[in-house]
Amino acid sequence: DAAEGLLGRLPVVPVVAAAGPPALPGSGRAELTKYGLPGLAQLRSRESYVLCYGPRSRSALWVVEQLNRETLGGTSDRAACDFQEDDSVHEYHRATNGDYRGSGFDRGHLAAAANHKWSQKAMRDTFYLSNVAPQDPHLNQNAWNNLEKYSRSLARNNKNVYVCTGPLYLPRMEADGKMYVKYQVIGKNNVAVPTHFFKVLILEKESGEIELRSYVMPNSPVDEKIPLERFLVPIESIERASGLLFVPNILKRTSNLKAITAGNKH
């Protein structure tokens, strides 16, 4: 019930999340779906987040959480949580703990465990491997952790903070002068290792203003002394790279939108 409530309250759901069975106008179209459709957006609505799963990458395409003063309080114990397979995902498309073992990558939370101390179940739900991606250990434990902490600090000083986190697979020019998207895979299930991660923060101010902050970090060691504002990017760059859209959905809710980019005063 709590998760369904979260879905109803979101000021933004990335466009792909709304994809249901497509309308098939015209005579005879129903015949095309006689044996079903091979794939649709795979949504998971849990105690602490809403997630859209990417079966090819064996990880989420995006995860949305709602943070506020109430969700940050509580006594939930991380030590009582274990990473676990997501049995709601078909076994062909599911990551396992064995995939990460010896890979050199951390099991990096997308929806952070520490965001959900308000409920032991909510925290436990963040340990499904569908909410995890292979993350450089130095990044996970330092700069990315600092960004998660910063997100929580914003939640203490605003009405709500909606956090959308996900992987990116960005192109890079190779020696032949051509652009390629290349990424490692790990384990027997070929879990995709993102080249970068994004985090979009939608702040609901007490005044009613909506503030947007969008970050991208490479999936590699990042000096934690670099100010987080250096990783701010225009939201358009995330929308183009991820195939998601945020701003059109936000503007359906408000015209009072302020985007914070590098160089803006915080």
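The coordinates are above.
Residues numbered from 1 in each chain as written. Predicted model: local features only at pLDDT ≥ 70, side-chain atom pairs only at ≥ 80, totals over all residues. Heavy atoms only, no water.

A. Unusual backbone geometry, seen in detail. Phi angles above zero are rare outside glycine, and R58 is one such case at about 65 degrees. For R58, the position within the fold is in the loop between β2 (50-54) and β3 (59-67). With a relative accessible area of 15%, R58 lands in the buried category. (Helix = DSSP H or I, 4+ residues; strand = E, 2+ residues; numbered from the N terminus. Buried < 20%, exposed > 50% of the residue type's maximum accessible area, 1.4 Å probe, protein only.)

B. Molecular detail of the pattern of salt bridges. Under the definition given, this model contains 8 salt bridges. Here E85 makes a salt bridge to R94, at a shortest N to O gap of 3.1 Å. For the salt bridge of D87 with R94, the shortest nitrogen-to-oxygen distance reads 3.6 Å. The buried category is assigned to R94, whose relative accessible area is 16%. Overlapping salt bridges bring together E85, D87 and R94 as one network. (Salt bridge = Lys/Arg side-chain N within 4 Å of Asp/Glu carboxyl O.)

C. Representation of the side chain of E211. Along the polypeptide, E211 turns up in strand β12 (residues 210-218). Separated by 2.6 Å, the side chains of E211 and R213 make a polar contact. (Polar contact = N/O pair within 3.5 Å; in protein donor to acceptor, adjacent residues only side chain to side chain.)

D. Region of the structure containing a nonpolar patch on the surface. Side chains of V181, Y183 and V185 sit close together on the surface and give an oily, nonpolar patch of about 250 Å² of accessible area. Mapped onto the elements of the fold, V181 is located in the loop between β8 (179-180) and β9 (185-186). (Patch = residues over 30% accessible without salt bridge, like charges linked within 9 Å, V, L, I, M, F, W, Y side chains within 5 Å. Areas by Shrake-Rupley, 256 points an atom, 1.4 Å probe, with all protein chains shown as cover.)

E. Highlighting the side chain of R44. Along the chain, R44 falls in strand β1 (residues 42-45). No salt bridge is formed by the buried R44, whose closest oppositely charged neighbour, D86, lies at an N-O distance of 4.5 Å. Side-chain polar atoms of R44 contact the side chain of Q42, separated by 3.5 Å. The residues touching R44, leaving out its near neighbours within four places in the chain, are Y49, V50, L51, D86, S88 and V89. (Lys, Arg positive; Asp, Glu negative; His and termini not counted. Contact = heavy atoms within 4.5 Å.)

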